[in-house]
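# Coordinate inspection notes
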Amino acid sequence: YGTNECKNCNICPEEQREKCRNEFIRFKAKTKEEVIKQINKIGYKINNENIKIEFLTKGATIVSIRKKETDTEYILSYKNLHRYENNNYYFGATIGRNAGRTYPTEYTNFSGNKVKLKPNENKVYLHGGEHGLDSVEWKLSILEPDFALLEYTDTNSNYEKASINLVYQLIGKN
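The rules behind the values
Residues numbered from 1 in each chain as written. Predicted model: local features only at pLDDT ≥ 70, side-chain atom pairs only at ≥ 80, totals over all residues. Heavy atoms only, no water. Helix = DSSP H or I, 4+ residues; strand = E, 2+ residues; numbered from the N terminus. Buried < 20%, exposed > 50% of the residue type's maximum accessible area, 1.4 Å probe, protein only. Contact = heavy atoms within 4.5 Å. Pairing = 2+ DSSP bridges. Axes fitted to C-alpha atoms, helices over the stretch in contact; angles between N-to-C directions. pLDDT = per-residue confidence, 0-100. Phe/Tyr/Trp six-rings, centres within 6.5 Å; stacked < 30°, edge-to-face > 60°. Salt bridge = Lys/Arg side-chain N within 4 Å of Asp/Glu carboxyl O. Polar contact = N/O pair within 3.5 Å; in protein donor to acceptor, adjacent residues only side chain to side chain.

## Regarding the overall build of the protein chain
Tallying secondary structure elements over the protein chain gives two helices and 11 strands in all. When the helices and strands of the protein chain are read in sequence order from the N terminus, they spell out α-α-β-β-β-β-β-β-β-β-β-β-β. Classification of the 174 residues of the protein chain by burial places 39% in the buried group. Long-range pairs, those at least 24 residues apart, make up 46% of the contacts in the protein chain between residues at least 6 apart in sequence.

## Thoughts on the sheet that holds strand β9 (residues 139-144)
Spatially, three strands are ordered β9-β10-β11 in an open sheet, and the strand pairing comes out antiparallel. The open sheet has two edge strands, β9 and β11 (162-169), and neither has a second partner. With strand direction ignored, the average angle separating the axes of adjacent strands in the sheet is 15 degrees. The sheet contact formed by β9 and strand β10 (residues 147-154) spans five bridges and is antiparallel. Looking at the pairing, K139 lines up with E151 of β10.

## With respect to the confidence of the model for the protein chain
When pLDDT is averaged along the protein chain, the result is 82; 76% of the residues meet or exceed 70. The least confident element of the protein chain, judged by mean pLDDT, is helix α1 (residues 17-27) at 52; the most confident is β11 at 96. A low-confidence stretch, residues 1-5 stays under pLDDT 50, and its non-local contacts, those more than four residues away or across chains, total 16 contacts. Segment residues 23-27 is flagged for pLDDT under 50; beyond a separation of four residues in sequence, or across chains, it makes 12 contacts in the model.

## Notes on the packing of aromatic side chains
According to the stated counting rule, one finds seven aromatic pairs in the structure shown. When the centroid spacing of 5.2 Å and the interplanar angle of 55 degrees are considered together, the rings of F55 and Y168 count as tilted. With F55 in strand β2 (residues 51-56) and Y168 in strand β11, the pair connects residues that are 113 residues apart, well separated along the chain. Of the two residues, F55 and Y168, both sit in the buried class.

## Re the environment of P119
Looking at the secondary structure, you find P119 in the loop between β7 (114-116) and β8 (125-126). What makes P119 partly exposed here is its relative accessible area of 34%. For P119 and P104, which are 15 residues apart along the polypeptide, the C-alpha to C-alpha distance reads 9.3 Å. Beyond its immediate chain neighbours, meaning those up to four positions away, P119 contacts T105, V124 and Y125.

## Details of the pattern of salt bridges
Counted under the stated rule, the structure contains eight salt bridges. Here R66 makes a salt bridge to D71, at a shortest N to O gap of 3.2 Å. The exposure class of R66 is partly exposed, given its relative accessible area of 24%. Classification of D71 as exposed rests on a relative accessible area of 51%. The shortest N-O distance in the salt bridge between E130 and K118 comes to 3.3 Å. One end of the pair, E130, is in the loop between β8 and β9; the other, K118, is in the loop between β7 and β8, with 12 residues separating them in the sequence. Connected through salt bridges with shared partners, the residues R66, D71 and E73 form a single ionic network.

## Some remarks on the sheet that holds strand β1 (residues 44-47)
One open sheet holds the four strands; their spatial order is β1-β2-β3-β4, and the pairing between them is antiparallel. At either margin of the open sheet sits one strand with a lone partner, and together these are β1 and β4 (72-73).

## Quick notes on the side chain of N98
Positionally, N98 belongs in the loop between β4 and β5 (101-102). Relative accessible area serves as the criterion here: at 15%, N98 is assigned to the buried category. Here the side chain of N98 touches T102 through a polar contact of 2.6 Å, side chain to side chain. Of note is the side chain of N98, whose polar atom sits 3.0 Å from the backbone nitrogen of G128.

What follows is the structure, given as structure tokens:
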């Protein structure tokens, strides 16, 4: 770390290694954590003959769905990836553990207990609150040309513990 050489730390998948190496050199990362932070700013991609999807592991956020033939972008996104560090508009983010606005800010869990939620938009609890799925770091477990599996284990929220798997997959030509 802190040199102009990739340390082959195996953090990034093999097909992303050149991209990672270039970012590593450009930012002169000094620790593995800095490398991971830079990779997350770079993002990952899956694609097939017609479509390319780019995403970040922070918030399991899709930053681009593009038709290759016409270069048409299908989602609303920021032009600068740094804007996703504080994604106030939830562009492309995985929302949860609840979606929408909860008011009053409480719910009854599976044990029958009332759980108070901390409001994060005026008096309303929005999209999983301050520490919703959009703001956590997801683990990229599998990355293939047309398939990605992201995983997150939620043990520190207001909700019951949960292991969540999210799949991005392109099937066929679309």
